[in-house]
Amino acid sequence: KITEIKKDDFKGLSKLYALVLVNNKISKVNEKAFEPLHRLQKLYISKNNLVEIPQNLPSSLVELRIHDNKIKRVRKDVFNGLKNMNCIEMGSNPLENSGLEAGAFDGLKLNYLRISEAKLTGVPKDLPETLNELYLDHNQIQAIEQEDLLRYAKLYRLGLGHNKIRMIENGSLPFMPTLRELHLDNNKLSKVPPGLPDLKFLQVVYLHSNNITHIGVNDFCPVGFGVKRAFYNGISLFNNPVEYWEVQPAAFRCVTDRLAIQFGNYKK
């Protein structure tokens, strides 16, 4: 098992495209260790003992997978110069919101970011505006406020399942006009989040395993039958204390197939 990466460990490997160091016991990386790796695009260093993201990562890097470590802080300048990076997977680290230094993600043009299975209590407010996919599931987020999603207009998939969300402020969701998939399962919501009908491209919404007791006729679909929008192909509402036989069929007038709606299986 490797425990440390030294300065000259990668000397002579300038043409290396991918480096896999998964499942070792690495706790220390020399700040000049990656200097020879001018063409490195993929670095997989998950399942180690790192407490911080290594410094001076190669500017050629496109994908970083550093989940299952002991990272508690993301320094402001740790991603400097990484203009090619589009994917960071950093879940299963004991990260709190205070551990994400202001401006830590400045300059990155990420498409994909995952900070799941951490200790976040709120949606980080200064992640890259370029994100298409953001996964913050299995955290301790309790509410979604308007300004939380203000800068994420390009998201088409948002994962917030397995949190403690009780409230989603009205007007929050429409900040993501191109959203296609929304995961809010396994939270503490007592009603369908406001704003779903405004999301004209939304196709899949997971709301199972919440505390939803009522479904309004306009909770999912725009008012009227001629309003243009993409049709849902999946709405999960099972394991909620809603009496589904009392839900008006018109509530799902913009669903492509009845089989796309999942009800039932609630146990008190």
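Residues numbered from 1 in each chain as written. Predicted model: local features only at pLDDT ≥ 70, side-chain atom pairs only at ≥ 80, totals over all residues. Heavy atoms only, no water.

A. Examining the overall build of the protein chain more closely. Scanning the protein chain from terminus to terminus reveals 0 helices and 15 strands. Along the longest, intermediate and shortest principal axes, the C-alpha atoms of the protein chain span 70 × 40 × 30 Å. Every one of the 268 residues in the protein chain was classed for burial, and the buried ones make up 48%. In the form shown here, the protein chain has an accessible surface area of approximately 13,500 Å², with 47% of it arising from carbon and sulfur atoms. Taken together, the 37 basic and 29 acidic charged side chains of the protein chain have centroids lying 4 Å from each other. (Helix = DSSP H or I, 4+ residues; strand = E, 2+ residues; numbered from the N terminus. Buried < 20%, exposed > 50% of the residue type's maximum accessible area, 1.4 Å probe, protein only. Areas by Shrake-Rupley, 256 points an atom, 1.4 Å probe, with all protein chains shown as cover. Lys, Arg positive; Asp, Glu negative; His and termini not counted. Charge placed at Lys NZ, Arg CZ, Asp CG, Glu CD.)

B. Representation of the sheet that holds strand β7 (residues 112-114) in the model. Pairing in this open sheet of 11 strands is parallel, and the strands run β2-β4-β5-β6-β7-β8-β10-β12-β13-β14-β15 from one edge to the other. Since the sheet does not close on itself, it has two edges, and those belong to β2 (18-20) and β15 (261-262), each with one partner. Note that strand β6 (residues 87-89) and β7 share 3 bridges and pair parallel. What sits directly across from Cys 87, in β7, is Tyr 112. (Pairing = 2+ DSSP bridges.)

C. Examining the side chain of His 67 more closely. Its location among the elements puts His 67 in the loop between β5 (63-65) and β6. With residues up to four places along the chain from it excluded, the contact list for His 67 reads Ser 46, Lys 47, Glu 89, Met 90, Gly 91 and Asn 93. (Contact = heavy atoms within 4.5 Å.)

D. Summary view of the packing of aromatic side chains. Within the structure shown, the criterion is met by 8 aromatic pairs. Relative to Trp 245, the ring of Tyr 244 lies with its centre 5.3 Å away and its plane at 70°, an arrangement referred to as edge-to-face. Tyr 244 gets classed as partly exposed once you look at its relative accessible area, which sits at 43%. Since its relative accessible area comes to 59%, Trp 245 is described here as exposed. (Phe/Tyr/Trp six-rings, centres within 6.5 Å; stacked < 30°, edge-to-face > 60°.)

E. Structural detail: the pattern of salt bridges. Under the defined criterion, the tally for this structure stands at 10 salt bridges. A salt bridge links Glu 133 to Arg 157; its shortest N-O distance comes to 2.9 Å. In this pair, Glu 133 sits in strand β8 (residues 133-135) while Arg 157 sits in strand β10 (residues 157-159), placing the two residues 24 residues apart along the sequence. A salt bridge links Glu 181 to Arg 157; the shortest N-O distance between them is 3.4 Å. (Salt bridge = Lys/Arg side-chain N within 4 Å of Asp/Glu carboxyl O.)

F. Main features of the state of the cysteines. Considering all chains together, one arrives at 1 disulfide under this definition. The residue that forms a disulfide with Cys 221 is Cys 254, at a sulfur-sulfur distance of 2.0 Å. Since a negative S-S torsion denotes a left-handed disulfide, the Cys 221-Cys 254 link at about -90° is left-handed. Residue Cys 221 is located in the loop between β13 (204-206) and β14 (234-236), and its partner Cys 254 is located in the loop between β14 and β15; the two are separated by 33 residues in the primary sequence. Of the two residues, Cys 221 and Cys 254, both sit in the buried class. (Disulfide = S-S within 2.5 Å.)

G. View of the environment of Gln 146. Secondary-structure assignment places Gln 146 in the loop between β9 (143-144) and β10. Separated by 24 residues in sequence, Gln 146 and Asn 170 place their C-alpha atoms 7.3 Å apart. Those residues in contact with Gln 146 that sit more than four places away from it in its chain are Glu 169, Asn 170, Gly 171, Ser 172 and Phe 175.

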